[in-house]
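Take a look at the letters that make up each chain.
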Amino acid sequence: AEMAARPSEPRLVSLPLSRIRVIMKSSPEVSSINQDALFLTAKATELFVQYLASYSYKHGRGKEKNALTYTDLSHTAEECETFQFLADILPKKILASKYLKMLEKEKRDGEVGEDDDGGEEEEDEDK
């Protein structure tokens with residue numbers, strides 16, 4: 001019943017189970033974690049990351065350079081419906097100056113929008 005792999009045997013998962021356990025326990029709904037559930041979560045996460053990376057590589061411009069780039073990942077998150085839930089985590093890179101201009105615009109729009117109730121609608125248009 002020992003889960004630790006011997007040095008000559010390949011590991012079944014690459015991700016550290018202790019870190020996965022810490023992340024799972026950070027959820028307030030989780031009180032205890034079954035060893036099988038921990039292993040399956042780690043393996044599923046590993047397979048998901050492999051799928052995201054290979055999809056991004058195949059559909060990205062990094063293939064020309066034989067490399068996977070952040071831009072490839074963010075493009076996948078933006079364009080592929082399967083990965084759109086990652087769009088906030090993998091945003092497109094923008095210049096700091098452009099970001100500061102966006103913040104200034106949001107601040108100005110927010111001040112104007114506080115008097116009327118249309119503030120939420122304006123935010124949706126920016127996305």
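Treat the numbers as computed from the prediction; the structure is a model and nothing was measured.

Caption draft 1: Region of interest: the pattern of salt bridges. Evaluated as defined, the whole model comprises three salt bridges. Among the salt bridges present, the one from Lys 43 reaches Glu 46, with a minimum N-O distance of 3.4 Å. Of the two residues, Lys 43 and Glu 46 are both situated in helix α2 (residues 35-59); the distance of three residues between them amounts to about one turn of the helix. Residue class for Lys 43 comes out partly exposed when judged on its relative accessible area of 26%. The class for Glu 46 is buried, based on a relative accessible area of 9%. A salt bridge links Asp 109 to Lys 105; the nearest nitrogen and oxygen atoms lie 2.8 Å apart. Pair noted here: Asp 109 and Lys 105 are both in helix α4 (residues 96-113), with a separation of four residues, about one helical turn.

Caption draft 2: Expanded view of the packing of α2 against helix α3 (residues 70-79). Interaxial distance between α2 and α3 falls to 9 Å at its minimum, and their mutual angle equals 100°. As far as their axial angle goes, α3 and α2 are roughly perpendicular. Facing α2, whose interface residues are Leu 52, Tyr 55 and Ser 56, α3 presents Asp 72, Leu 73 and Thr 76. Taken together, the residues of the contact of α2 with α3 sort by class into three nonpolar, two polar and one charged.

Cut-offs used in this document
- Residues numbered from 1 in each chain as written.
- Predicted model: local features only at pLDDT ≥ 70, side-chain atom pairs only at ≥ 80, totals over all residues.
- Heavy atoms only, no water.
- Salt bridge = Lys/Arg side-chain N within 4 Å of Asp/Glu carboxyl O.
- Helix = DSSP H or I, 4+ residues; strand = E, 2+ residues; numbered from the N terminus.
- Buried < 20%, exposed > 50% of the residue type's maximum accessible area, 1.4 Å probe, protein only.
- Axes fitted to C-alpha atoms, helices over the stretch in contact; angles between N-to-C directions.
- Parallel < 35°, antiparallel > 145°, perpendicular 65-115°, else oblique.
- Contact = heavy atoms within 4.5 Å.
- Nonpolar A, V, L, I, M, F, W, Y, C, P; charged D, E, K, R; others polar.

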